[in-house]
Structures are given as structure tokens and as C-alpha cells.
Amino acid sequence: MVLGISTATASGKTNPNKNYNVSSASLIEGYTQAKTTYDANLLSALLHEDVVMRTGRQNQVLKHGKSELIRFYKQNPNVKLNCVTSCEMLSVCYNVVMARVDLQFPNFVQQNYLTMERNNKGEWKITQINMFYI
């Protein structure tokens, strides 16, 4: 299954009444919205409590947990990224989905590989993020 979503720029409009945790596709939509508008509250609702974000920097791997990510977004509340976004479902297996969300900037692409899991309440949460810059 391949799902592709593209948007030209971040609109900055988050629907406060929308539940982004009802499906893996809506979770990706919410993640893209939170990433491009630095919406800390939305991002917090999408992330599992034990989420780990990994990104490489020179000869090391940086790891950040949920509280660090949310704190960073709260410290930068008025950021609106001007980028083109796209996503692709890479693998779907019942309660686990792997997807790639790309943020295309003029000089580089930020690739976000997400692992999403559905819990016993039927809610989808992001449990792992691996970020690459190409």
C-alpha cells in the first residue's frame, strides 16, 4: 500500500477538534501539520510517551525523547516552515506502520521515517522517528 500526500506550504491551520490518532494516515497528516507549524500541543498528542527521535550528526547519533521535542517546539512557537511535504506508507502490518514523511526545502530534504503503533484502545501513536538530511 502506498499513500502519497503533498502540500505546497504549511498553512498554519490545525483543526482543534480533529482526532489525528484514529488511523495511521490521519496520524501522518497530524505529524506533518505539527512539524511544519511547530504545534507543540498537536505533536504531544501524536507521540507515544516513550518515543525516541534519532538523527545523525557527524560521527554521532543524537537521541531525543518526547519531553525534549515538546520543549523545543514550545520554545519556537511562531515558526512556520515553507516547504513542500510528501509522505509514503512503506510497510503496513496490522498494528504497526512504517512511513516516510519528506519536507522539501530549496537546498535539502528532511526525511522523517516514522514507526507508528496502534494501542489496545485503537489509538495510533508515533513510537519512533529517524530523521535524515539529504
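Refer to the structure presented above.
Here is a short report on the structure shown in this document.

Regarding the nonpolar core
Side chains of a nonpolar character, in soluble globular proteins, are inclined to be buried together.
Right, so step 1: Core analysis: the biggest nonpolar cluster contains 31 residues, and Tyr 31, Leu 47, Met 116, Ile 126 and Ile 129 have the highest contact counts within it.
Right, so step 2: Apart from the residues within four sequence positions on either side, Met 116 is in contact with Ser 24, Leu 27, Ile 28, Asn 95, Val 96, Val 97, Ala 99, Trp 124, Lys 125, Ile 126 and Thr 127.

Topic: helix α3 (residues 66–75)
Right, so step 1: Among all positions in α3, only Lys 66, Leu 69, Ile 70 and Tyr 73 are buried. Down the axis of α3, the buried side of the element spans an arc of 95 degrees, and every buried residue falls inside it. Within α3, the exposed residues directed more than 90 degrees away from the buried face are Ser 67 and Gln 75.
Right, so step 2: Those residues of α3 that are buried lie in contact with α1 (24–37), α2 (40–46), β2 (47–57) and β3 (60–65).

Remarks on the environment of Asp 50
Right, so step 1: Within the element layout of this structure, Asp 50 appears in strand β2.
Right, so step 2: As for Asp 50 and Lys 66, which are separated by 16 residues in sequence, their C-alpha atoms are 6.9 Å apart.

Things to note about the pattern of salt bridges
Right, so step 1: If you walk through the whole model with that rule in mind, you get 3 salt bridges.
Right, so step 2: Between Asp 102 and Arg 100 there is a salt bridge whose closest N-O contact spans 2.8 Å.
Right, so step 3: What makes Asp 102 buried here is its relative accessible area of 10%.

Rules and cut-offs
Residues numbered from 1 in each chain as written. Predicted model: local features only at pLDDT ≥ 70, side-chain atom pairs only at ≥ 80, totals over all residues. Heavy atoms only, no water. Core = buried A, V, L, I, M, F, W, Y, C linked by side-chain atoms within 4.5 Å. Buried < 20%, exposed > 50% of the residue type's maximum accessible area, 1.4 Å probe, protein only. Contact = heavy atoms within 4.5 Å. Helix = DSSP H or I, 4+ residues; strand = E, 2+ residues; numbered from the N terminus. Arc of directions from axis to C-beta. Salt bridge = Lys/Arg side-chain N within 4 Å of Asp/Glu carboxyl O.

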